[in-house]
Amino acid sequence: MSNQSIGLSDPLYQYLLANSVREPEILAKLRAETAQHPLVNMQISPEQGQLMGLLVQLISAKKCLEVGVFTGYSSLSVALNLPDDGQIIACDVSDEFTSIARKYWQEAGVANKISLYIAPALETLDRLILNGESGTFDFAFIDADKNNYGAYYDRCFQLVRQGGLILVDNVLWYGRVADPAMENDKRTQAIKQINQQIYCDHRVQISLIPIGDGLTIARKK
Ligand code: CA
């Protein structure tokens, strides 16, 4: 499951939640609503949301990208940690899922910080590049269709500034990346490919953290 950290026993996971996660009420409410959703495992875990908020603060991020919004937990975690003039360009293809996100952005008072583009993310990212916004983003989070991960990473690398962060989600893919039985599975292959691509990309400093379903943090040198 993507909405809890991979590889931890249940009691240990409960301990981690109880002793380290300070989930704002609005995020808890969104998580409760998304728990009813059949695709709930597309939501990031609360400890991952908290880490993302911390990273955004650490680098004093102002301008962020999100590739894959779903019901908005990650964008809200980021937005709550941005300054008043902070901005998120959010990409998704689903009006239905993001209608839940929009409701919570409103309720949290951060809707003015988030511009949502309902279109294939590659189109939105390419338009940003054409508009001359390369090197202007502080932070990018990639959590969308796995087959396009490589293309998303290339564009986010271009759009992020030196010292900015690119986060890539689901990089342990429920453990399938290390399961020989999943060798021919297309999405598992796509995840293994992006992991190799980032591992070999010496333009970034990296760490793969086994939080949620595995999160790679890449810092553009
Ligand atoms: Ca995910």
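Residues numbered from 1 in each chain as written. Predicted model: local features only at pLDDT ≥ 70, side-chain atom pairs only at ≥ 80, totals over all residues. Heavy atoms only, no water.

A. Up close: the side chain of Lys 220. The topology assignment puts Lys 220 in strand E7 (residues 215-220). Notably, Lys 220 is buried but unbridged: the nearest opposite-charge side chain belongs to Asp 201, and the N-O separation is 9.3 Å. Within the structure, Lys 220 has its side chain in polar contact with the backbone oxygen of Val 160 (distance 2.8 Å). (Helix = DSSP H or I, 4+ residues; strand = E, 2+ residues; numbered from the N terminus. Buried < 20%, exposed > 50% of the residue type's maximum accessible area, 1.4 Å probe, protein only. Lys, Arg positive; Asp, Glu negative; His and termini not counted. Salt bridge = Lys/Arg side-chain N within 4 Å of Asp/Glu carboxyl O. Polar contact = N/O pair within 3.5 Å; in protein donor to acceptor, adjacent residues only side chain to side chain.)

B. How the structure looks around empty space enclosed by the protein. For the coordinates displayed, the defined rule picks out one cavity of 30 Å³ or more. Size it by volume and the largest cavity reaches roughly 30 Å³. Lining the largest cavity, in full, are Cys 64, Leu 65, Glu 66, Ser 75, Val 78, Ile 88, Phe 139 and Phe 141. Elements with a contribution of two residues or more to the lining of the largest cavity: strand E1 (63-67), helix H4 (73-79) and strand E4 (137-142). Sort the elements by how many residues they give to the lining of the largest cavity and E1 lands first, with three residues. Within the lining of the largest cavity, the residues separate by chemical class into six nonpolar, one polar and one charged. (1 Å grid on protein atoms, 1.4 Å probe; cavity = no way out; pocket = protein on both sides within 12 Å on 5 of 7 lines; lining within 4 Å. Points joined across faces, edges and corners; volume = space filled by probe spheres on them. Nonpolar A, V, L, I, M, F, W, Y, C, P; charged D, E, K, R; others polar.)

C. Expanded view of the layout of surface pockets. Here the largest pocket defines a volume of roughly 570 Å³. Lining the largest pocket are 32 residues, and of these Met 42, Asp 143, Ala 144, Asp 145 and Lys 146 lie nearest its centre. Sorting the residues of the lining of the largest pocket by element identifies H4, strand E2 (87-92) and helix H6 (121-130) as the ones contributing at least two each. Taken together, the residues of the lining of the largest pocket sort by class into 18 nonpolar, eight polar and six charged.

D. Main features of the nonpolar core. Core analysis: the largest hydrophobic core is formed by 31 residues, its most contacted members being Leu 76, Val 78, Ile 88, Trp 105, Phe 139 and Leu 167. Elements represented by at least two residues in this core include exactly helix H2 (25-34), helix H3 (46-58), H4, E2, helix H5 (95-108), E4, strand E5 (160-169) and E7. Apart from residues no more than four positions distant in its own chain, Phe 139 is found in contact with Met 52, Leu 55, Val 56, Ile 59, Ala 61, Lys 63, Cys 64, Leu 65, Val 78, Leu 165 and Leu 167. Membership of the second largest hydrophobic core comes to 28 residues, among which are Phe 137, Ala 140, Ala 144 and Ile 194. (Core = buried A, V, L, I, M, F, W, Y, C linked by side-chain atoms within 4.5 Å. Contact = heavy atoms within 4.5 Å.)

E. Quick peek at the packing of helix H1 (residues 10-20) against H3. Across the interface, H1 lies against H3 with an axial gap of 10 Å and an inter-helix angle of 40 degrees. Compared by their axis directions, H1 and H3 come out oblique. As H1 packs across H3, the resulting crossing turns out to be left-handed. Contacts between H1 and H3 pair Tyr 13, Leu 16, Leu 17 and Ser 20 from the former with Pro 46, Glu 47 and Gln 50 from the latter. By residue class, the composition of the contact of H1 with H3 is four nonpolar, two polar and one charged. (Axes fitted to C-alpha atoms, helices over the stretch in contact; angles between N-to-C directions. Parallel < 35°, antiparallel > 145°, perpendicular 65-115°, else oblique. Left-handed = near helix turned anticlockwise from the far one by under 90°.)

By themselves these figures say nothing about function.
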